[in-house]
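Residue strings, one per chain:
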Amino acid sequence: MLDAKSCGRGGMTKITIIGGGSSTFTPQLMRLFIKSEVLSGSTITLMDIDEHRLKVMESLSKQVVRKENADLRIETTTNQRESLVDADFVITAIAVGGNDAWEVDIELPAKYGVYMPIGDSVGPGGMMRAFRHIPVLVSVGKDLEEVSPDAFVFNYTNPVTANTMAMRRHTKVKTFGLCSCSSIPRNAGYLGRILGVDGERLAIPMPAGGINHCAAILEMRFKDGTDLLPIAKERIKNPIQKWALENYGILPYCWTHWTEFFPSFCKLEEKYDGRLQGLKMKYGMHVHDMTRENERVKNWERLVEKMALGKGEEVSLDVLPKGEAIEVVEIIEAILENRNEIHVVNVPNRGAISNLPEDAIVEVSCVVGRYGIQPIHVGELPEPIAATLTNHIATQKLTVEAAVMGNRDAAYRAFLQDPQVSSKLTLEETERLLDDMLSAHAKYLPTFFKK
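Residues numbered from 1 in each chain as written. Predicted model: local features only at pLDDT ≥ 70, side-chain atom pairs only at ≥ 80, totals over all residues. Heavy atoms only, no water.

K.L.:
Which parts of the structure should I look at to understand the overall build of the protein chain?
P.N.:
Across its full length, the protein chain holds 16 helices and twelve strands. Taken over the C-alpha trace, the protein chain has a radius of gyration of 22 Å; the compact-globule value for 451 residues is 22 Å, and the two agree within 12%. With respect to the principal axes defined by its C-alpha atoms, the protein chain has extents near 65 × 60 × 45 Å. Taking all 451 residues of the protein chain together, the buried fraction comes to 57%. Taking the contacts inside the protein chain whose residues are at least 6 apart along the sequence as the reference set, 69% of them involve residues at least 24 apart. Accessible surface, the protein chain as shown: approximately 18,300 Å² in total, 48% of it carbon and sulfur. Considering the protein chain, the positive charge centre built from 52 side chains and the negative charge centre built from 59 side chains are found 1 Å apart. (Helix = DSSP H or I, 4+ residues; strand = E, 2+ residues; numbered from the N terminus. Rg over C-alpha atoms; globule rule 2.2 N^0.38 Å. Buried < 20%, exposed > 50% of the residue type's maximum accessible area, 1.4 Å probe, protein only. Contact = heavy atoms within 4.5 Å. Areas by Shrake-Rupley, 256 points an atom, 1.4 Å probe, with all protein chains shown as cover. Lys, Arg positive; Asp, Glu negative; His and termini not counted. Charge placed at Lys NZ, Arg CZ, Asp CG, Glu CD.)

Right, here's the structure in full:
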C-alpha cells in the first residue's frame, strides 16, 4: 500500500486502529495525528467491537479535528476486515476481557502463592493475557494478508513480545511491537532528570536491548564521549535500577516490569489475606489495583463522553492527553519521509543481540526509514541477564503454540517453563492453577473451549 499516494506531506495514508474505542489510547493518538504535518490528508479508521465506546471516540475525534481545522478524515466500523482494506498502517491496542480479566490474572495466582505486581507480561497472568489476545491478533494478520498485505502493523497490546511473535510466526504481515517504555532511551529530559545532568549534554538516543518490559539502556555517554556509568551508579537511587547498574552495568528503563521477570523481586511486605491488589511489595512497589484502574478509566470515559456531547470542556488539543511516550506516529513519519531515525522497537532478533536466540522477538535499537525497520547490532547482554531472558523466550514460544492451537498440554508446558511458576509451585499445583485460570477465562478462550 505504500506507493506514491502515501509518500509524506499531503499524502492519503490510511491508518487503522484495532481497539479504536479505547478512551485512554485513542485520544492520545488523535492529538498526535492532528499535530503531524506529514499525516495531513490521511484517513484514520477506528475499529472496535464495542459500539458505544466506538461512537464516543468517533464523536470526540470528529469534534477535535473540526475544532483544530485538521485535514484528517475519521471513519469507524465494527467490522475488522472492512477496517483493514487499503490500510497502510495498523495499530493494535485491544484488551479482551478488560480490567475484569486482568483482575483475575492478578488474584487467582495469588491464591497459590504467586504474587506479581502487574501480571500483564510474564507469569500466569501474562500467559493468560496472551491466550486471550493472540487468536484475535492473528486473525487481524490473516485479514491483512488478503486485503492489505503490505501494511505495517504496530502492536501495543500486552504481552507485546508473545503477541508480536505470534503474528510473525502465524501470518505474513510486517508486525512490530511498541511500548510506551521504549521511548525512554530517546528521552533526554527524563534521562537528564534521573541522572542529575543537563539532558542537552546527553548522546541521544542511547543504545538499548532486551525483551519487552525487561530491556535496558546498554551504554550511556555525554556528547563528548564521556562515560555516564559512574555518574549513574552514584546518583540513581531506585533499588532495581541500582542493582542492575552495579552488577551488570546496564540501566533498566521500565523497572517496575523488570521485577516480574525475577521471582526473587516479587516479595510482599504486607500480609496477603485473600486480596493481593494494592498490597505493598519490596523495592517500592505496590500491586496494581483494579479499583483504582477502573475508577481512572471511568473518570476519563465520563470526561470524554461529556466532551463528545458538547457538555464538557471545549474540545481542543489542550484537553487531550499529550501522549509523549507514544512513538508510533513518529515511527510512521520516519517511514514515510525516510528519516532513518533510531527508535527502540520489538523485532525479530536475527543476531541484533548476539547471545539471545535468533528467532526471539527482542526490544532493540532500530533504524526506521523507507526500507522498513532494521535492528541495529548491539552485541551481547550480560550473560546472567541473557540466561534469564532465554528462559522467558522459551516460555513465550510455548505460550504462542498453546494460544494458536488452543492446546492445553502446550499451555501446561508453558506454565512449567515460567520462572514465577516453577520457582513456587509443585507440578500438581501448577496443573491446578492452569486449569483454574483456563476455566475462569473460558468465555474469552474460544480456541481452548471449542464448541
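So much for the structure itself; the text now carries on.
K.L.:
Sorry, what's going on with the state of the cysteines here?
P.N.:
In a disulfide, the sulfur atoms of two cysteines are covalently bonded to one another. Going through the model one piece at a time under the given rule, you end up with one disulfide. The disulfide bridge from Cys 181 ends at Cys 254, spanning 2.2 Å between sulfur atoms. Within this pair, whereas Cys 181 is found in the loop between strand S6 (174-177) and helix H7 (188-195), its partner Cys 254 is found in the loop between strand S9 (251-252) and helix H10 (255-258), the two being separated by 73 residues in sequence. Cys 181 provides the cysteine sulfur closest to Cys 179, a residue in no disulfide bond, and the two sulfurs are 4.1 Å apart. Between Cys 214, a cysteine without a disulfide, and Cys 254, which holds the nearest cysteine sulfur, the sulfur-to-sulfur distance is 9.5 Å. Looking at Cys 214, the relative accessible area reads 1%, which means it is buried. (Disulfide = S-S within 2.5 Å.)

K.L.:
Quick question: what am I supposed to make of the nonpolar core here?
P.N.:
Where a protein is soluble and globular, its nonpolar side chains tend to be buried together. Core analysis: the biggest nonpolar cluster contains 117 residues, and Phe 33, Phe 131, Phe 154, Val 328, Ile 373 and Phe 415 have the highest contact counts within it. The leading source of residues in this core is helix H13 (residues 383-405), at eight residues. The contact partners of Val 328, leaving out residues within four places of it in the chain, are Leu 29, Ile 91, Phe 154, Tyr 156 and Leu 178. Ranked by size, the runner-up nonpolar core spans 23 residues in total, among them Cys 181, Ile 184, Leu 191 and Leu 202. (Core = buried A, V, L, I, M, F, W, Y, C linked by side-chain atoms within 4.5 Å.)

K.L.:
Sorry if this is basic, but what is going on with the packing of helix H4 (residues 98-110) against helix H11 (residues 290-308) here?
P.N.:
A pair of packed helices can be characterised by two numbers: the angle between their axes and the separation between those axes. Look at H4 against H11: their axes get within 10 Å of each other, and the N-to-C directions meet at 165 degrees. The angle between the axes of H4 and H11 places the two elements in the roughly antiparallel class. Of the two elements, H4 crosses H11, and the hand of that crossing is right-handed. In contact with Asn 99, Trp 102, Glu 103 and Ile 106 of H4, H11 contributes Met 290, Glu 293, Asn 294 and Val 297. (Axes fitted to C-alpha atoms, helices over the stretch in contact; angles between N-to-C directions. Parallel < 35°, antiparallel > 145°, perpendicular 65-115°, else oblique. Left-handed = near helix turned anticlockwise from the far one by under 90°.)

K.L.:
Please explain unusual backbone geometry as it appears in this structure.
P.N.:
Among all residues except glycine, the phi angle is most often negative; among peptide bonds, the trans geometry is most common. Residue Pro 159 is bonded to the preceding Asn 158 through a cis peptide linkage, with omega at -5 degrees. Tracing the backbone shows Pro 159 in the loop between strand S5 (152-155) and helix H6 (160-170). Even without being a glycine, Asn 340 presents a positive backbone phi close to 55 degrees. Even without being glycine, Arg 350 reaches a positive phi, approximately 50 degrees.

K.L.:
What is the right way to look at the confidence of the model for the protein chain in this model?
P.N.:
Should the pLDDT be low somewhere, the predicted coordinates at that spot are not to be read in detail. Across the protein chain, the average pLDDT comes to 94, with 97% of residues at 70 or higher. This stretch, residues 1-10, has a pLDDT under 50; its non-local contacts, to residues over four places away or in other chains, come to 30 contacts. (pLDDT = per-residue confidence, 0-100.)

K.L.:
Sorry, what's going on with helix H16 (residues 427-440) here?
P.N.:
One full turn of an α-helix is made of 3.6 residues, so residues set three or four places apart face in the same direction. With 14 residues, H16 should reach 20 Å at 1.5 Å per residue; the first-to-last C-alpha distance of 20 Å fits that figure. Of the residues making up H16, those classed as buried are Thr 430, Leu 433, Leu 434, Met 437 and Leu 438. On an axial view of H16, the arc spanned by its buried residues comes to 130 degrees, and they lie on one face. Residues of H16 that are exposed and point more than 90 degrees away from the buried face comprise Glu 428 and Ser 439. (Expected span 1.5 Å × (residues − 1). Arc of directions from axis to C-beta.)

K.L.:
Would you mind showing me how to read the packing of helix H5 (residues 123-147) against helix H14 (residues 408-417) here?
P.N.:
As a packed pair, H5 and H14 sit with axes 10 Å apart at the nearest point and diverge in direction by 150 degrees. Accordingly, the angle class assigned to the pair H5 and H14 is roughly antiparallel. Crossing angle aside, the handedness with which H5 passes H14 is right-handed. Taken together, the residues of H14 that come into contact with H5 (itself represented by Pro 124, Met 127, Met 128 and Phe 131) are Ala 411, Ala 414 and Phe 415.

K.L.:
So what exactly am I meant to see when it comes to the pairing of strand S12 (residues 372-375) here?
P.N.:
On a regular strand, each side chain points to the face opposite its neighbour's, so the side chains alternate between the two faces of the sheet. In terms of strand pairing, strand S11 (residues 361-369) meets S12 through four bridges, oriented antiparallel. Paired with Val 367 across the two strands is Gln 374, which belongs to S12. In this structure, the hairpin formed by S11 and S12 is closed by a connection of two residues. (Pairing = 2+ DSSP bridges.)

K.L.:
Looking at this model, I keep getting lost on the side chain of His 133. Mind explaining?
P.N.:
In this structure, His 133 sits in helix H5. Assessed through its relative accessible area of 1%, His 133 is described here as buried. Reaching out from His 133, the side chain makes a polar contact with the backbone oxygen of Asn 158 at a distance of 2.9 Å. Every residue in contact with His 133, bar those within four places of it in the chain, is listed here: Ile 94, Ala 95, Val 96, Thr 157, Asn 158 and Asn 163. (Polar contact = N/O pair within 3.5 Å; in protein donor to acceptor, adjacent residues only side chain to side chain.)

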